Each structure stands twice: as C-alpha cells, then as structure tokens.
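# Observations on the three-dimensional arrangement
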Amino acid sequence: MRRLSAADALPYWMAPIIPNDQFVVYVFGEDDRGRGHSAGDRSEIAAWLARRAARIDDLTLRVLDVPFTLDRPYWVSTGVHSRQIVVDDAAQTWQECLAALADRMSVPLDPTELAWRIHVFGRVAGVPGGGDGPGVVVALQISHALGDGRRTAEIARDLFGHALPAGSRRLTLTRVVPDSALHAGTALLGALRLPGQVASMIARGFVAWRRYRRAPVEQGRGVPLSRFNVPAGTARTLRTLTVDSDALRIGGAGVTVGALVAISMALPPFLGASDDRLVVELTVARTPKKWVRNNFRNVGVDLHVDQPNLAQRARLIADDIAAARRADDDPTRVASRAATAATPAFLTRWGIGRFDPTAVPERVTGFTVVSSVNRGADDLALDGRPVLATTGFPALSPAQGLTHGVHGIGNRVTISLTTAPGVFPDVDGYLASLSAAIDELAACGADDAIRVGRAEPATDRDRWEGNSASRG
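Residues numbered from 1 in each chain as written. Predicted model: local features only at pLDDT ≥ 70, side-chain atom pairs only at ≥ 80, totals over all residues. Heavy atoms only, no water.

With that settled, consider the sheet that holds strand β6 (residues 116–125). Spatially, 6 strands are ordered β5-β6-β7-β2-β15-β14 in an open sheet, and the strand pairing comes out mixed. At either margin of the open sheet sits one strand with a lone partner, and together these are β5 (85–93) and β14 (381–382). For β5 and β6, the ladder comprises 7 bridges, and the chain directions are parallel. Paired with Ala-91 across the strands is Arg-123, a residue of β6. (Pairing = 2+ DSSP bridges. Helix = DSSP H or I, 4+ residues; strand = E, 2+ residues; numbered from the N terminus.)

Set out below in structure tokens:
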C-alpha cells in the first residue's frame, strides 16, 4: 500500500472533469497454427491475458481515496476480474475496429474499482503490418494515474513479453482488510501528516519564490486559437497511418522529429489559424523518478514552417526539443515543482474542483497535441501470435480537438489521429496529405544530413526523439 505521488494524483483527480484514460493498442498476426478465428481461440486469449495480468504488479492495483482528502489517494492491491477483459467476436475491418474503440472511449474507468481494462477484437481484417490477412487487436485501456506513455509501454512488455512475469511481490493484506478500516487508517495518517505538509509547502514555496526573484523563467506566450482548439464533445474519430521508421528519419533525425516535420508540411492548409507559426504541444519525457508513474511535461514546439529546407527545419525542431529538456532542469522550475508537490491534498483537490472546463482560453500552448513513444523491439507476442504494429490515441480536451500519436515497435511507426466529427470533418483529407508528406520526406531524407555536435553517444531514446544536443 503506497500513496500516489503528486504527479500521479493530478490525472486521477482531473479524470472526472477531462477524461484521460490511455488506450494502448497492439496488433497481432496469426501464429504457426493459424489460430485467431474461432470463439474458442478468443476465449483462450482472454484466459491467457488474465493469467499474465495477475502476475504483473502494476495490473493488480486499484485506487483507495482518503476521506475528506486528508491525504493523497493510495494504491492498494486487488485481483484481476473477469469483467476487465472484454472480447469482441465480430468480424470487422481495421477501420471498423477503430470505430468500435472510439465508442468505448466514452466509458471511462473508475480506478477505485478497476484501474485498467483490456478490449480484444478477435477477427480484424486489413490490420497495419498484416496485409489483407486477419489479425487480433488488443487495446489496453488504462488509468493515466497508473502510468504515462513509457510506463504503459513497460506494462505491455510484461504482458506480451516472451518471459512469464515474475508474479506480484506485493503484500496482499489490503485484499482482505475492508475498505472501511483502510479509510480510517489513511485518514488518521493524513491528519497526522498535515501539519508537516503545510510547513513543507510554505518552506518550499518560499525557496521557489526567492529563486524566481533571482532568475525568472521565461513563460511561453502560446498561440491564438485555431479551428481545432474547441471542445470536442463525446464522439471520437480515429485514424492511423503506419510507415517504416526509416521514412521519418530525415537527415538522420529521430522519428519524433521526422513526424513533426511531416505534420508541419501537411497541417497548415487545414488549420485556419491567425498565427503565422505552427506550434504543437509536445509531450517531453522527464528523467524517471522512483515511485512516480507520470514523468513528462508538455511544451510548445515551433515547427518552423517558414524554413523551406526540410533538413534545416528538422534540425531547428530537434534543437527546440533539446532546449525544452534543458529548461526543465532549471533550478527555478525544479523549486516550483517541489513546492507544488508539497501542497496538501485537500488544497490541490480544491483547486482542481474550481477548474471550469467550459471556459475558452484566449491562447493555447499549441494548436494540436503530439505524443511520441518508442515501444521497443518487435519481440512481443499474444499467446504465440507475433506483434505487427502498435498505436495509441492521446485524449482530447476542451481546448484540444485534434491530437497526434507517434508510436513505434520494431521498424514500424504508426501515426494516429484523434479528433471529433464536428471538429475535423475532413480528417481523411488530412491523413492523405500527411501520407504524401511522409513520402516526400522518405524521398529526400537520404540526401540531407543533419550534423549536430554530441557530447555523449546516441541512445535509443535520442535516435527516436532526435535529441541531438548534449544532455547536461
């Protein structure tokens, strides 16, 4: 039993206001025996998933609220329930599968009961990476409090990896102790901890104030609203485009940068914005911290559409991403985060409760959100069925009606679009433009090289994200 970190409690408390469940999707082909078509095969898949999930620590957790928000919620141990694995037996195309998944996005999880759910689509034709053959699609719907993009990729590796998960190492006392006793105990602990938290908040707040007075951090101005920065409602439209990762590596830049260059080429005609720039809100990973499941921040990144040379444009984007990483380690920002994390739970929850999702901001961080995650080698399998591709669909918000996902496994990358029918009726036209832009990148990528000095060897993350600057 462990308290949620401050970074993990925020998405949990925000979820009832702005749903933020993650949908982590993996596509699998046939195994050597051609399984994957009969109802019996899909029952075997459900049983296989349940057995594996029961041996994974992260998938045997639920949230326990503390009465009166005297403290942040706790993670407590739980079992795997049959209703957490939903099997769809209908024969359908890939696009029909995405439409069914879009419908299920309107049913968010309640992490106090279930922190995750798996949706299995057993007979899907025309899946990415599978040609015209049938495939099995598995979508892991997971509470954002349980993990960010990197953490959910690790959970999926445990679920679909060749090695059997080691089994839960967590004490299971909370499975037998009634919630009433847990509520009483956590409320008492929270009340005892509260004076120290208030003192810590004041002390850390003072440190943050002094550092800001000495070295103010530059705040982004944001950009004026575009046609996409409107409330999306509950309906969703999902599209995907799967390509070889080399098609996005213009001049040696990483996949994330290549995808951003492609977006910079395809999106402007559809934007309808008053700003001459194209700025996106990019999720940028932070250094992992023990006991913190969400280690990222969102930053505005200019895609430099005024730069006609695509290789130079890619270099500028890569430099901006690297600068955003360095800025996150600024002592003033670090002190501000520490003060925020020290804020007592009831004050944070009170502030979130005052958030008005219907209020329209004058400016936004970026016209669209882009989330990029490398999910590693293509050595995963679903009970003998090899992985073909992976994707994900970043959630929409009242100020973001279009999001992009960039997810790769092995040498395949899938760019996903999440929007709403009323926000972007011409999403298929944009998808075609994005495909044409990637074809253009692939044609010129080998000719233009980006050479930026590096103070240390390139890592796998660098090659994916295009972080070509040294990390201090």
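By the definition in use, this model includes 8 aromatic pairs. Measuring from ring centre to ring centre gives 6.5 Å for Tyr-26 and Phe-28, while their planes differ by 25 degrees; the resulting arrangement is stacked. Phe-28 matches Tyr-26 in its accessibility class, with the two residues each being buried. Here the aromatic rings of Phe-424 and Tyr-430 are separated by 5.8 Å at their centres, their planes lie at 35 degrees, and the arrangement is tilted. Residue classification places Phe-424 among the buried residues on the basis of a relative accessible area of 1%. (Phe/Tyr/Trp six-rings, centres within 6.5 Å; stacked < 30°, edge-to-face > 60°. Buried < 20%, exposed > 50% of the residue type's maximum accessible area, 1.4 Å probe, protein only.)

Strand order in this open sheet of 6 strands is β9-β17-β16-β13-β10-β11, and the pairing throughout is mixed. Only two strands of the sheet have a single neighbouring strand rather than two, namely β9 (237–244) and β11 (296–302). Each neighbouring strand pair of the sheet contributes to a mean axis angle of 25 degrees, computed without reference to strand direction. When strand β13 (residues 369–374) meets strand β16 (residues 403–409), the two strands line up parallel, connected through 6 bridges. Following the sheet pairing, Ser-371 is matched in β16 by Gly-405. (Axes fitted to C-alpha atoms, helices over the stretch in contact; angles between N-to-C directions.)

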